[in-house]
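Chains, contacts and geometry: an overview
Residues per chain, in single letters:
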Amino acid sequence: MNHQPVEGFSKLSKQRKIDWLISEYLSNDRSYEQILQQYWNNSAELQKLHEEFSENTISNFYMPYGIAPNFLIDGKLLALPMAVEESSVVAAASKAAKFWIDKGGFKTTIINTEKLGHTHFIFNVESHKLLHFFNFSLKKKLLEATEDITSNMRKRGGGILDIKLIDKTSEMPNYYQLKASFDTVDSMGANFINSCLEQFGKTLRQEVAESTDFTQEEKDSLQIVMNILSNFTPDCIVRAEVSCKIEELNDDSGISNEEFARKFKQAVTIAEIEPFRATTHNKGIMNGVDAVVIATGNDFRATEACAHAYAARNGKYSSLTHCTTDNGIFRFWIDLPISVGVVGGLTNLHPLVKFSLALLGKPSAQELMSILAVSGLAQNFGALRSLITTGIQKGHMKMHLLNILNQMGATEEEKQYFVTYFKDKTVSHHEVISEFNRLRAQ
Ligand code: MEV
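So, how was this worked out
- Residues numbered from 1 in each chain as written.
- Predicted model: local features only at pLDDT ≥ 70, side-chain atom pairs only at ≥ 80, totals over all residues.
- Heavy atoms only, no water.
- Helix = DSSP H or I, 4+ residues; strand = E, 2+ residues; numbered from the N terminus.
- Buried < 20%, exposed > 50% of the residue type's maximum accessible area, 1.4 Å probe, protein only.
- Contact = heavy atoms within 4.5 Å.
- Areas by Shrake-Rupley, 256 points an atom, 1.4 Å probe, with all protein chains shown as cover.
- Lys, Arg positive; Asp, Glu negative; His and termini not counted.
- Charge placed at Lys NZ, Arg CZ, Asp CG, Glu CD.
- 1 Å grid on protein atoms, 1.4 Å probe; cavity = no way out; pocket = protein on both sides within 12 Å on 5 of 7 lines; lining within 4 Å.
- Points joined across faces, edges and corners; volume = space filled by probe spheres on them.
- Nonpolar A, V, L, I, M, F, W, Y, C, P; charged D, E, K, R; others polar.
- Near = heavy atom within 4 Å.
- Polar contact = N/O pair within 3.5 Å; in protein donor to acceptor, adjacent residues only side chain to side chain.
- Axes fitted to C-alpha atoms, helices over the stretch in contact; angles between N-to-C directions.
- Parallel < 35°, antiparallel > 145°, perpendicular 65-115°, else oblique.
- Left-handed = near helix turned anticlockwise from the far one by under 90°.
- Patch = residues over 30% accessible without salt bridge, like charges linked within 9 Å, V, L, I, M, F, W, Y side chains within 5 Å.
- Salt bridge = Lys/Arg side-chain N within 4 Å of Asp/Glu carboxyl O.
- Pairing = 2+ DSSP bridges.
- Expected span 1.5 Å × (residues − 1).
- Domains from an automatic or database assignment.

Describing the overall build of the chain
Along its length, the chain carries 16 helices and 10 strands. Oriented by its inertia axes, the alpha-carbon framework of the chain measures out at about 90 × 70 × 40 Å. By residue count, 44% of the 442 residues in the chain fall in the buried class. Considering only residue pairs separated by 6 or more positions, the chain has 70% of its internal contacts joining residues 24 or more positions apart. Per element, the accessible surface of the chain, about 22,900 Å² overall, is 52% carbon and sulfur. In the chain, 46 side chains carry a positive charge and 52 a negative one; their mean positions are 3 Å apart.

Describing the layout of surface pockets
Once rolled over the atoms, a probe with the size of a water molecule shows which space is left empty. Its volume calculated, the largest pocket comes out at about 1,400 Å³. F53, I294, G297, L346 and H350 are the residues nearest the centre of the largest pocket, which is lined by 41 residues in total. Mapped onto the lining of the largest pocket, the elements with two or more residues apiece are α3 (44-51), α7 (190-210), α10 (275-295), α11 (300-311) and α12 (351-359). Class assignment of the residues belonging to the lining of the largest pocket gives a composition of 20 nonpolar, 18 polar and 3 charged. Its volume calculated, the second largest pocket comes out at about 790 Å³. Residue lining of the second largest pocket: 35 residues in total, with A92, G382, A383, S386 and I392 positioned closest to the centre. Elements represented by at least two residues in the lining of the second largest pocket include exactly α4 (89-101), α10, α13 (365-387) and α14 (393-407). Among the elements that line the lining of the second largest pocket, the one with the most residues is α13, at 8 residues. The residue makeup of the lining of the second largest pocket, split by class, is 9 nonpolar, 16 polar and 10 charged.

Observations concerning the site of the ligand
Around the ligand, a shell composed of E86, R277, T280, H281, K283, G284, N287, A383, L387 and I392 is seen. At 2.7 Å, a side-chain N or O of R277 approaches an oxygen atom of the ligand. Within the side chain of K283, one N or O atom sits 2.6 Å away from an oxygen atom of the ligand. Bound to the protein, the ligand loses 82% of the 300 Å² it would expose on its own.

What to know about the packing of helix α15 (residues 412-421) against helix α16 (residues 429-441)
Remark: α15 packs on α16, axes separated minimally by 12 Å, with the N-to-C direction vectors making an angle of 130°. One finds that α15 runs oblique with respect to α16. Between α15 and α16 lies a crossing of right-handed hand. Residues E414, Y417, F418 and Y421 of α15 form the contact with α16, whose participating residues are E431, V432, E435, F436, R438, L439 and R440. Here the contact of α15 with α16 is composed, by residue class, of 6 nonpolar, no polar and 5 charged.

Section: a positive patch on the surface
There is a patch of like positive charges on the surface, built from K95, K394, K398 and K423. One can find K394 in helix α14.

Points about the sheet that holds strand β9 (residues 321-324)
One open sheet holds the 4 strands; their spatial order is β3-β8-β10-β9, and the pairing between them is antiparallel. Edge positions in the sheet fall to β3 (107-113) and β9, since each of these pairs with one other strand and no more. Across the sheet, the mean angle separating the axes of adjacent strands is 15° when strand polarity is ignored. As judged from the 9 bridges shared by strand β8 (residues 236-245) and strand β10 (residues 329-337), these two strands associate in the antiparallel manner. Paired with V242 across the bridge in β10 is F332.

Focus on α4
One turn of the α-helix equals 3.6 residues, which is why residues spaced by three or four share an orientation. The end-to-end C-alpha distance of α4 is 18 Å, a good match for the 18 Å that 13 residues give at a rise of 1.5 Å each. The set of residues buried in α4 consists of V89, V90, A93, S94, A96, A97, F99 and W100.

Description of the domain arrangement of the chain
On domain assignment, one finds that the chain holds domain 1 (1-62), domain 2 (72-112 + 236-390), domain 3 (115-229) and domain 4 (395-441). Spacing between the C-alpha centres of domain 1 and domain 4 amounts to 35 Å.

Describing the side chain of N298
In this structure, N298 sits in the loop between α10 and α11. Taking relative accessible area as the criterion, N298 reaches 12% and is therefore assigned buried. A polar contact of 2.9 Å, which involves the side chain of N298, links it to the backbone nitrogen of G341. Ignoring sequence-local partners within four residues, the contact set of N298 consists of V293, V340, G341 and L368.

Rendered as structure tokens:
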């Protein structure tokens, strides 16, 4: 069937949007409307709140919200909120937390908290002339012009840290940047940074127009291409680590402590040198990071983009975690660049986000960075521990069992039967189905 474009969709009421979708795409089958309605909140007020987060909302998309307890982080015992649909993530986090709790737990260090943004512009002038103009006039004007925007942030201890002129003309003709660094304290700071940068763009245009340093032809060549924060924040970075004596590893998977440490280090080294493995290795890390990022109302696309850009910072995509086994000590750590907030955005709006932040003891943005790095490290520890011992499928399929059974319409009694049936066996899709059919045939 050929569909017609729709005009003014965003202006239609929610009901009219649904009616249109059902008639245009869903063969007028009204049962689809019930699916959408099932996920509306009973409280009209809460439903409205969710609808106002985003344009054209017709329902809510739920994700399981789980808890991974027993995380000892810098001496504090925390229960981490995790919003994630992948069945084994929360279980793996909980297991890793428990593993490290009696070995000193996780230690973190904030290495830096600097965020970045750029005004990208084209200007056909000699670089030295522009540099002189920037140093002796423009930089001061940029700071003055943003004083109103930065005043609240300055009161909270943040603001613009520095502005640099960057010459990019060797990579693209006449391309320069105003590269600014920011401290956004407890907010992620995207709106703050972008507002400052947009003002930089305006001030640059105005100051060039009024300057006597440039010819009219040069002035006419100025083009402000865009003003935008960078999600790559290599200097907004936290380290999380665990360590213990190799002899204290005491893994219960049946291999010796020495073999565990050796195989674990090999697995990390493979991720350091092999991008195909590094991608999956880091994906597993982000299972842990994103689940807490989402539960705390932060932007997981930003944290993903940043982590992967950082993993490729030396020109070859590599592991975010590292491991040493020197002098009888097993040490495992992550350096995670991550920009998050605990004020602004969804943090004061979404009730579950408020719950998550309260559960974590109302952390500062820096404390949240630490928690996120720990969540990523724990998740990676859990994945590698399985990979070098039992393999990943044993635990993964155990958690996936209920998904398979739900798909087959199993009753609660049947689910219980299968949990017992697979207690000491590795779950396989094939075996669940044949045992299910056998059971039903009886
Ligand atoms: C699955 O979501 C993540 C893993 O593949 C990560 C890894 O292989 O390290 C288990």
